[in-house]
Amino acid sequence: MTHTLRHRSRTSSKIPLLSLFCDSKLPHGPCYVFSATQLRSLHQGRPHGWQRRGEQVRLPCGSSLPLSRLLHSPLNCAFYHSCCQIPFLLPHSSAFPSLQKPLLIPHLGSFSRLPFQGKFPFLNNPRAFASVSGGDADSQVESDFEDGDVRGFNPAGSCADPDEVDRVCKVIDELFALDRNMEAVLDECGVQLSHDLVVEVLQRFRHARKPAFRFFCWAAQKPGFAHDSRTYNCMMHILGKTRQFETMVAMLEEMGEKGLLTMETFSIAIKVFASAKERKKAVGIFDLMKKYKFKVDVDAINFLVDSLGSAKLGKEAQVVFEKLKDRFTYNLQTYTVLLNGWCRVKNLLEAGRVWNEMVDKGFKPDIVAHNIMLEGLIRCKKKSDAIKLFEIMKAKGPSPNVRSYTIMIQDFCKQKMMREAGEYFDEMVDRGCQPDVVLYTCLITGFGKQRKMDMVYNLLKEMRQRGCPPDGRTFNALIKLMTSQHMPDDAMRIYKKMIQSGIKPTIHTYNMMMKSYFVTKNYEMGHAVWDEMHHKGCCPDDNSYTVFIGGLIRQGRPDEACKYLEEMMEKGMKAPQLDYNKFAADFSKTGNPVILEELAQKMNFAGKFEVSNVFANWADMMKKSVKRKEPTKSGRQFS
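Residues numbered from 1 in each chain as written. Predicted model: local features only at pLDDT ≥ 70, side-chain atom pairs only at ≥ 80, totals over all residues. Heavy atoms only, no water.

> Is there a simple way to explain the overall build of the protein chain in this structure?
For the protein chain, the helix and strand inventory stands at 30 helices and three strands. Sorting the 639 residues of the protein chain into buried and exposed places 55% on the buried side. In the protein chain, of all internal contacts separated by at least 6 residues, the share reaching a separation of at least 24 is 71%. Entry remark: accessible area of the protein chain is about 28800 Å², with carbon and sulfur atoms responsible for 52%. (Helix = DSSP H or I, 4+ residues; strand = E, 2+ residues; numbered from the N terminus. Buried < 20%, exposed > 50% of the residue type's maximum accessible area, 1.4 Å probe, protein only. Contact = heavy atoms within 4.5 Å. Areas by Shrake-Rupley, 256 points an atom, 1.4 Å probe, with all protein chains shown as cover.)

> Before we go on, may I ask you to explain the packing of aromatic side chains in this structure?
How two aromatic rings sit relative to each other is given by the distance of their centres and the angle of their planes. Evaluation of the coordinates by the stated rule reveals 21 aromatic pairs. Residues Phe518 and Tyr523 carry aromatic rings whose centres are separated by 6.1 Å and whose planes lie at 40° to one another, so their mutual orientation is tilted. Connected via pairs of aromatic rings, a cluster forms that spans Phe518, Tyr523, Trp530, Tyr545, Phe548 and Tyr564. (Phe/Tyr/Trp six-rings, centres within 6.5 Å; stacked < 30°, edge-to-face > 60°.)

> It is not clear to me how the pattern of salt bridges should be interpreted in this structure. Could you clarify?
It is possible for side chains of opposite charge to pair when their charged atoms get near one another. Counted by the stated rule, this structure contains 22 salt bridges. With a closest N to O distance of 3.0 Å, Lys394 and Glu427 form a salt bridge. Linking Lys394 in helix H17 (residues 383-396) with Glu427 in helix H19 (residues 418-430), this pair joins segments that are 33 residues apart in sequence. Among the charged side chains, a salt-bridge network with shared partners connects Asp173, Glu567 and Lys571. (Salt bridge = Lys/Arg side-chain N within 4 Å of Asp/Glu carboxyl O.)

> What should I look at first to understand the packing of helix H23 (residues 488-500) against helix H24 (residues 507-519) in this one?
When two helices pack together, their arrangement is given by the angle between their axes and by how far apart the axes lie. Closest axis-to-axis distance for the H23/H24 pair is 9 Å, and the angle between their directions is 155°. With respect to H24, the element H23 is oriented roughly antiparallel. Here the hand of the crossing between H23 and H24 comes out left-handed. Residues Pro488, Asp489, Ala491, Met492, Tyr495 and Met498 of H23 form the contact with H24, whose own contacting residues are Thr509, Tyr510, Met513, Ser516 and Tyr517. Along the lines of polarity and charge, the residues of the contact of H23 with H24 split into eight nonpolar, two polar and one charged. (Axes fitted to C-alpha atoms, helices over the stretch in contact; angles between N-to-C directions. Parallel < 35°, antiparallel > 145°, perpendicular 65-115°, else oblique. Left-handed = near helix turned anticlockwise from the far one by under 90°. Nonpolar A, V, L, I, M, F, W, Y, C, P; charged D, E, K, R; others polar.)

> Which parts of the structure should I look at to understand the environment of Ala212?
Positionally, Ala212 belongs in helix H7 (residues 209-220). Residue Ala212 is classed as buried on the basis of its relative accessible area of 2%. Between the alpha carbons of Ala212 and Met235 there is a distance of 7.7 Å; along the sequence they are 23 residues apart.

> Sorry if this is basic, but what is going on with unusual backbone geometry here?
For residues other than glycine, phi is negative in most cases, and the peptide bonds are mostly trans. With an omega of -10°, the peptide bond running from Gly397 to Pro398 counts as cis. Tracing the backbone through its elements, the reader meets Pro398 in the loop between H17 and helix H18 (402-414).

> When you look at the side chain of Ser229 in this model, what are you seeing that I'm missing?
With respect to the helices and strands, the residue Ser229 is situated in helix H8 (residues 229-241). In this structure the side chain of Ser229 is engaged in a polar contact, spanning 2.6 Å, whose partner is the backbone oxygen of Leu260. (Polar contact = N/O pair within 3.5 Å; in protein donor to acceptor, adjacent residues only side chain to side chain.)

> Explanation requested: the environment of Pro435 in the structure shown.
Considering the arrangement of structural elements, one finds Pro435 in the loop between H19 and helix H20 (437-449). Classification of Pro435 as buried rests on a relative accessible area of 9%. As a C-alpha pair, Pro435 and Met463 span 28 residues in sequence and 9.0 Å in three-dimensional space.

> Help me understand the packing of helix H9 (residues 245-258) against helix H10 (residues 263-275) in this model?
Look at H9 against H10: their axes get within 11 Å of each other, and the N-to-C directions meet at 165°. Classified by the interaxial angle, the pair formed by H9 and H10 is roughly antiparallel. The handedness of the crossing between H9 and H10 is left-handed. Every residue of H10 that contacts H9 at Phe245, Met248, Val249, Leu252 and Met255 is listed here: Thr265, Phe266, Ala269, Val272 and Phe273. Each residue belonging to the contact of H9 with H10 can be placed in one class, and the counts come to nine nonpolar, one polar and no charged.

> Teacher, can you tell me more about helix H6 (residues 195-204) here?
Since the α-helix packs 3.6 residues into each turn, any two residues three or four apart lie on the same face. In terms of burial, H6 is largely enclosed, as nine of its 10 residues are buried. Those residues of H6 that fall on the buried side of the exposure criterion are Asp196, Leu197, Val198, Val199, Glu200, Val201, Leu202, Gln203 and Arg204.

> Where do I start with H20 in this structure?
Compared with an ideal rise of 1.5 Å per residue, which puts 13 residues at 18 Å, H20 spans 18 Å between its outermost C-alpha atoms and is within 8% of the ideal. Counted residue by residue, H20 has 12 buried out of 13 residues, so it is predominantly covered. Turning to H20, its buried residues are Val437, Val438, Leu439, Tyr440, Thr441, Cys442, Leu443, Ile444, Thr445, Gly446, Phe447 and Gly448. Arg451 sits one or two residues past H20 and shows a positive phi near 60°. (Expected span 1.5 Å × (residues − 1).)

Encoded structure:
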């Protein structure tokens, strides 16, 4: 891209270096010094003066971790390891509801005492601190439970027969919705069960809890087959995503009795409870870890604090840290995840306090911590301060990496400042930092929104030349560009290119195209996308059903909309966010009041009481309307 953007003038040299923040006499070497009063003024949106004295925020130069490890660290890596293990005592009892009875197979024998099976995975999402999308950083979905494959599932390494997987999924899909004996038909099919096959089937139905769980239970009862840790964890993922907490914890206990627990199991449970903002239950998982003789160390605590912070529970994460900090040896990673939690809720004052404490304890903030603070300033609309910090990083270290440049360039793209984005890109390349797919995708989105398609094409060409071809995120960004401009046919062409490139579309890919076709009133193609999604083995999620049902209503097909609404709820999904008054009004023109009554009962059972009342009221009005018409019709017969 350098040849594409090189003609633009460079302006980065116009930003003065902030030498007044340097103090070589501080105990940690050359540092940057930011006053806490400045951070307080940033947080409260008031003008600030650097000359005010007070507590100092010291930003030591250098990184405690080599750049290569930061860019290529494995999921289970830890930035710092404590020298000793502090016995862990849970500060309060768990708030779990009573565990339900064993779910699947009668337990045989006593549970085995499990040894420690590896380090607690600190970041189960490799992009936890480095996730960048074309959208708002605040809206970026970082949870493992939102989209994509079930964690631990690798389709490329699966030994399951694709035809056999398709055959099993077809039986489940057709018979579950019709409430027939799905299990009996599966018995007659002579399915050759394997762990790979079970995982792939669960992956197909990861958004449909009820059919997935019924298949899981059926497989557990088959002679010669027993679930392993991988299949259990896949099912735990699905239960957690749909917040079936009691069933999930009961399954965890069952895994413990069978000796199948892994650290992955506990990380799933902690992430689920943190995402649901259930702090006490997330902490309560440590009770179960101790019960089954798993090691509760600094990595486990860090994972919990990070999960709470990622769920925008910065205050709760701080509370957990304060309660437990005397019971384990914390490290740089501990303060890094605390810093991330406060920055995610846009509290720069607390972020500055955590930074102070981190430095006071002798830890040197590394490139990860600097990037978190950089993104926090951007998130709080403190662009000038972010630029100052970025310049300090270039002058004193740690040197900005591709993630640092991506943070800045993404914000320039959002503000439609593409000239500045190009300048930062050229500077990055000049400093020997190689761009990655995420950075290219940011630029493609920025130029695409301004309809500079020649730049988009040049960027795509350069990506391939640099050896980082477009991935699924890039194709989804391009499809989003087309659909946002109501150009679904162009989005479809990009989708076909995506398939030709061997890249697997996500559920988001199909949802964007389907919605765009329905909005442009091309109902035939909207239905075609729905069929294509099923043909490719992609399980529709809540949003898919919402888009499809909304399209059917716009098309004037309320009967079919009712069918899919019922199917959605039968699969254990939440009722979609629709204008139910309009839906019921459209249905009342041609529909049957009995169907609305049935929907009212199902909505009531699902806890959607307002929606249930809407359907019930419309059903009553339809009945009254029918009664008023009947005498008129009978009178005409005798006239």
